[in-house]
Amino acid sequence: MTFDPRYLKGIEHFNAREFFDAHEVWEELWHEQQGDAHNFVQGLIQFATALHHFEAENLKGTKLLYTGGVELLAPYGDEFWSLPVKKLIDDMTACVHGVLSYQQVDLPGRTHPNKHDFPVKIDPAMIPKIILRTPTSAS
């Protein structure tokens, strides 16, 4: 299958931890999508933005966008557009797990004066990577 170059460029940005850039590229693609692809790309955008917020210690935004991303991507099951969707959700969940135990109201937002003191921090080693599956050929 041949993919839109913006889909692949977004993945490249995502894997380089350029989450804002991934969001921007995927948003351009998202505006042109219909049906299943529309929600799929929107879910990727929400995950990229969640990680952008996590790095900026905006934990309210992290949890909100993570939750939205899961809701959008979960219906796709194991794989869509060669992306291992279930694995990405599982990896994102592991990455943001510290945020998930808090109520939304208890998390610091982007302008919270003490957000740097909050006990939950992003662990760079836990940030997911997206590796597309290659189709297997019959022998």
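Residues numbered from 1 in each chain as written. Predicted model: local features only at pLDDT ≥ 70, side-chain atom pairs only at ≥ 80, totals over all residues. Heavy atoms only, no water.

Draft legend 1. Quick look at the packing of helix H4 (residues 59-73) against helix H5 (residues 85-100). In contact at an axis separation of 10 Å, H4 and H5 are set at 155° when each is read in the N-to-C sense. Classified by the interaxial angle, the pair formed by H4 and H5 is roughly antiparallel. For H4 against H5, the interelement crossing comes out left-handed. Facing Leu-59, Thr-62, Lys-63, Tyr-66, Val-70 and Leu-73 of H4, the residues of H5 in contact are Val-85, Leu-88, Ile-89, Met-92, Thr-93, Val-96, Val-99 and Leu-100. Among the residues forming the contact of H4 with H5, the class breakdown is 11 nonpolar, 2 polar and 1 charged. (Axes fitted to C-alpha atoms, helices over the stretch in contact; angles between N-to-C directions. Helix = DSSP H or I, 4+ residues; strand = E, 2+ residues; numbered from the N terminus. Parallel < 35°, antiparallel > 145°, perpendicular 65-115°, else oblique. Left-handed = near helix turned anticlockwise from the far one by under 90°. Contact = heavy atoms within 4.5 Å. Nonpolar A, V, L, I, M, F, W, Y, C, P; charged D, E, K, R; others polar.)

Draft legend 2. Structural view of the pattern of salt bridges. In total, this model carries 9 salt bridges according to the counting rule given. Residue Glu-32 pairs with Arg-6 through a salt bridge whose shortest N-O separation is 2.7 Å. Taken as a pair, Glu-32 in the loop between helix H2 (19-30) and helix H3 (35-55) and Arg-6 in helix H1 (residues 5-15) lie far apart in primary sequence, 26 residues in all. Here Arg-6 falls in the buried class, since its relative accessible area comes to 17%. Ionic pairing is found between Asp-90 and Lys-86, a salt bridge with its closest N-O pair at 2.9 Å. A residue pair is termed a helical-turn pair when its members lie 3 or 4 positions apart in one helix, as Asp-90 and Lys-86 do in helix H5 at 4 residues. When salt bridges with common partners are traced through the structure, they connect Asp-4, Arg-6, Glu-28 and Glu-32 into a single cluster. (Salt bridge = Lys/Arg side-chain N within 4 Å of Asp/Glu carboxyl O. Buried < 20%, exposed > 50% of the residue type's maximum accessible area, 1.4 Å probe, protein only.)

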